[in-house]
Amino acid sequence: MDRKDLLERDVTVSDPDGPHGLNDLTIGGVRYLIVGVSSSHLAGLAEGKVRGRHALAEWRTGTEPWAASYDLDALFDPIWNPRTLCGREWVEMESGDGPPFGVGGGGVYAPSCKNCLRIVSRDLGGVAPDERIPLVVGLVVTEVLSEAATVITGVPGQQLEALRAAIRRRFRSIGVSCRTYPIGGDLHVVSEQVWDNLPPERKSEMDAQAAAAIADAIQGQPAVRRGIAWDTWGVV
């Protein structure tokens, strides 16, 4: 298996109009469910004497408005470990391509928990950094130096730590401080140092843009997704 395929959807739905299934991943041949606590984690299959649980919260009945869009047999199948890889009790599966289970939810396609990612990375010791990382890092530096922040969307879980390390090394080499933090399947990069050095008029302009985006979201207007898409910059 090619290293770019180590993180992939475990279930492929051939009918695009069919019900949504589990938001699960296969990483290095092992199946995981993307689940929520205070952030997004990974839970494996229940094994041995561990009593499995289903993907939804215990109070779910399957009569909620979103239920018609899902394969409820799959969601109520009690096959999952009740604890995440990092040892926490989880609430329920994160929604992926299907409708959210709660108010304000959105699709999550990769874990954001650093400990879960480290555990998976340890088990995948032989996975090499993707060839596109230097290119993506260059794009990140350009955007952060201009805007003080950017986001890389759709980063595969097994490449997240390698990308974060490469970004931090590049910024250290040019004497600029930055922070990186994952949210869902996105990696956010911010530099307070760059923000502090921006001209006041540029800060005001950016604040106005942010306020306008929030107002559009409140009014239900379609949002323009900004940032750097991982898949766009594949090396050929």
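Scroll up to find the structure this text is about.
Quantities reported herein were computed from a predicted structural model and do not represent experimental measurements.

Chemist: Explanation requested: the packing of aromatic side chains in the structure shown.
Modeler: Each aromatic ring pair is summarised here by two numbers: the centre-to-centre distance and the angle between the ring planes. Evaluation of the coordinates by the stated rule reveals 3 aromatic pairs. Ring geometry for W66 versus Y70: centroids 5.8 Å apart, planes at 90°, classification edge-to-face. Looking at W66, the relative accessible area reads 7%, which means it is buried. A centroid spacing of 5.1 Å and a plane angle of 40° characterise the contact between Y70 and F101, whose relative ring orientation is tilted. Taken together, the residues span a long stretch of sequence, with Y70 in the loop between β4 (40–44) and α1 (72–75) and F101 in the loop between β5 (92–93) and α2 (114–123) at a distance of 31 residues. By relative accessible area, which is 10% here, F101 ends up buried.

Chemist: Any chance you could explain the nonpolar core here in plain terms?
Modeler: Generally speaking, soluble globular proteins have nonpolar side chains that are buried together. Core analysis: the biggest nonpolar cluster contains 24 residues, and V140, I152, L163, I167, F171 and V189 have the highest contact counts within it. Residue assignment for this core shows that the elements contributing at least two residues are α3 (133–147), α4 (160–173) and β8 (186–190). When residues of this core are assigned to their parent elements, the largest contribution, 6 residues, is made by α3. Core analysis: the second largest hydrophobic core is formed by 15 residues, A43, L56, W80 and W90 among them.

Chemist: Where do I start with the side chain of E94 in this structure?
Modeler: Relative to the helices and strands, E94 is located in the loop between β5 and α2. Despite its burial, E94 remains without a salt bridge, the nearest opposite charge being carried by R60 at 9.5 Å. What E94 contacts, discounting residues up to four positions off in sequence, is N23, I34, V35, G36, S39, S40, F101 and V108.

Chemist: Mind showing me how you'd approach the packing of α3 against α4 here?
Modeler: What describes two packed helices is the angle between their axes and the distance between those same axes. Axis separation between α3 and α4 bottoms out at 10 Å; the angle between their running directions is 50°. It follows from the interaxial angle that α3 and α4 lie oblique. Taken as a pair, α3 and α4 cross one another with a handedness that is right-handed. Seen from α3, the contacting residues are I133, P134, V136, V137, G138, V140, V141 and V144; seen from α4, they are A162, L163, A166, I167, R170 and F171. Partitioned by chemical class, the residues of the contact of α3 with α4 number 12 nonpolar, 1 polar and 1 charged.

Chemist: I keep staring at α4 and nothing clicks. Help me out?
Modeler: Between the first and last C-alpha of α4 there are 20 Å, a value that for 14 residues agrees with the 20 Å anticipated at 1.5 Å per step. Considered for burial, the residues of α4 that qualify are L160, L163, R164, A166, I167 and F171. Down the axis of α4, the sector holding all buried residues measures 165°, keeping them to one side. Away from its buried face by more than 90 degrees, α4 exposes R172 and S173. Two residues or fewer past α4, G175 is found with a positive phi of approximately 75°.

Basis of the calculations
- Residue positions within a chain follow its written sequence, with the count starting from 1.
- Per-residue local features are limited, in this predicted model, to residues with pLDDT of at least 70; the limit for side-chain atom pairs, both in listing and counting, is 80 or more; totals at the level of whole chains, interfaces and linings are taken over all residues.
- To obtain the side-chain values, all non-hydrogen atoms of the structure were included, while hydrogens and water were left out.
- Aromatic rings from Phe, Tyr and Trp, taking only the six-membered ring of Trp, are treated as a pair when their centres fall within 6.5 Å; an angle between ring planes under 30 degrees marks them as stacked, one over 60 as edge-to-face, and anything in between as tilted.
- Think of it in three bands: residues with accessible area under 20% of the maximum for their type are buried, residues over 50% are exposed, and the middle band is partly exposed, with areas taken using a 1.4 Å probe on protein chains only.
- Working definition: helices are DSSP H or I runs of at least four residues, strands are E runs of at least two. Numbering for both runs from the N terminus.
- Side-chain atoms within 4.5 Å link the members of a nonpolar core, which is a set of buried Ala, Val, Leu, Ile, Met, Phe, Trp, Tyr and Cys residues.
- Neither His nor the chain ends is counted toward charge; the positive residues are Lys and Arg and the negative residues Asp and Glu.
- A side-chain nitrogen of Lys or Arg and a carboxyl oxygen of Asp or Glu constitute a salt bridge if their distance falls within 4 Å.
- In what follows, a contact means two residues having at least one pair of non-hydrogen atoms within 4.5 Å.
- For helices, the fitted axis covers only the stretch in contact; all axes are lines through C-alpha atoms, and the angles between them, taken along N-to-C directions, range from 0 to 180 degrees.
- When an angle is under 35 degrees it counts as roughly parallel; over 145 it counts as roughly antiparallel; between 65 and 115 it counts as roughly perpendicular; any other value is oblique.
- Crossings are assigned a handedness: left-handed for a near helix turned anticlockwise from the far helix by less than a right angle, right-handed for a clockwise turn.
- Side-chain classes follow a simple rule in which Ala, Val, Leu, Ile, Met, Phe, Trp, Tyr, Cys and Pro form the nonpolar group, Asp, Glu, Lys and Arg form the charged group, and the remainder, Gly included, forms the polar group.
- Under the convention used throughout, the expected extent of a helix is 1.5 Å for every residue step, that is, one less than its residue count.
- The directions from the helix axis to the C-beta atoms are what the arc is built from.

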